[in-house]
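Observations on the model geometry
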Amino acid sequence: MSDLATMQTQPVLSEPRIAISVVSHGQRELLLTLLAQLKTASALLPMQVILTLNLPEERPEMASAEGFEVVWIENPRPKGFAENHNAAFEHCRAPYFCVLNPDVRLDAGSLLPLLECLARLPGVAGPRVLSLSGALEDNARQLPSPLRLLSRWWHRRFESDYSHVVLEQQVDWMAGMCLAFDRATYQSIGGFDTRYRLYCEDIDICLKVHLTCRHVTWVQAGVVIHDAQRASHRSWRYLVWHIGSLLKLFNSATYWRFRFSRRRAAM
């Protein structure tokens, strides 16, 4: 079998305002719900949805709609988070590019505040993320360090490092379940780093955005619901991958350049 992914588009929009990359790992039921919500949102926000099936699964049937273009990519072999979203970006025809997990839930106005922010502050913007129970998730965080991570686990404190009272604020990084970029930023930094496996790609890309003097903005007016899977809390294999990615991050030039830049700025 060829290693090239198969791709199909239907219908084609003349000018989508945002391209949304979603990767499914056999998550058909989650995907059906998200696609229905995106289709509704497309009435306010014309979009190109680039949907990657990373594992073999039946493609959901989607009726065409004005302002709603779907690009299907079917991988002959599974790829990682970074590789999948970077491949999806190659099909992006919009001025904004958003990566979105299948287990994210949104309404028609969830993404509009992110685009409004990026028009003023180019870089990456993320929404306020709530759990299914309505609790604030910890998607906006300060730069991780071994001591900070040990403290979080020891005290079992997983809330956000920033206050949600501030409507827009610059943060160190945001979790990758929902991140929106202006096209020029994503392209200039080369997308996600494929050397990471499943974890820390979001930290790395946010630090790179900072280092290009662009913005990493947490936007409270954009709200999504996240049914967090947290596989690394339940599986030793995922936990090993998570630890391996953290070690790679702590030894990366990007991590230390960011730390030194913060130290110089504080002097």
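Structure: see above.
These notes cover the structure that comes with them. (Residues numbered from 1 in each chain as written. Predicted model: local features only at pLDDT ≥ 70, side-chain atom pairs only at ≥ 80, totals over all residues. Heavy atoms only, no water.)

Some words on the pattern of salt bridges
This structure, assessed with the given rule, holds nine salt bridges. The partner of Glu168 in a salt bridge is Arg120, with the nearest N and O atoms 2.6 Å apart. Remark: Arg120 occurs in helix H3 (residues 112–120) and Glu168 occurs in strand E9 (residues 168–170); sequence separation between them is 48 residues. A relative accessible area of 31% means that Glu168 is categorised as partly exposed. In this structure, Lys208 and Asp193 form a salt bridge, with 3.7 Å as the shortest nitrogen-oxygen distance. Of the two residues, Lys208 sits in helix H6 (residues 201–211) while Asp193 sits in the loop between helix H5 (183–188) and H6, which places them 15 residues apart along the sequence. Each member of the pair, Lys208 as well as Asp193, carries the same accessibility label: buried. Through salt bridges that share partners, Asp193, Arg195, Asp204 and Lys208 make up one connected network. (Salt bridge = Lys/Arg side-chain N within 4 Å of Asp/Glu carboxyl O. Helix = DSSP H or I, 4+ residues; strand = E, 2+ residues; numbered from the N terminus. Buried < 20%, exposed > 50% of the residue type's maximum accessible area, 1.4 Å probe, protein only.)

Overview of the packing of aromatic side chains
Scanning the model with the defined rule gives 10 aromatic pairs in all. Ring centres of Phe89 and Tyr186 lie 4.6 Å apart, and the angle between their planes is 40°; on these two criteria the pair is classed as tilted. Here Phe89, found in helix H2 (residues 81–89), pairs with Tyr186, found in helix H5; they are 97 residues apart in sequence, far enough to count as distant. Side by side, Phe89 and Tyr186 carry an identical accessibility label, which is buried. Ring centres 5.3 Å apart and planes at 65° place the aromatic pair Phe250 and Tyr255 in the edge-to-face group. Pair check on accessibility: Phe250 and Tyr255 agree, each one buried. (Phe/Tyr/Trp six-rings, centres within 6.5 Å; stacked < 30°, edge-to-face > 60°.)

Geometric values such as these leave the question of function open.
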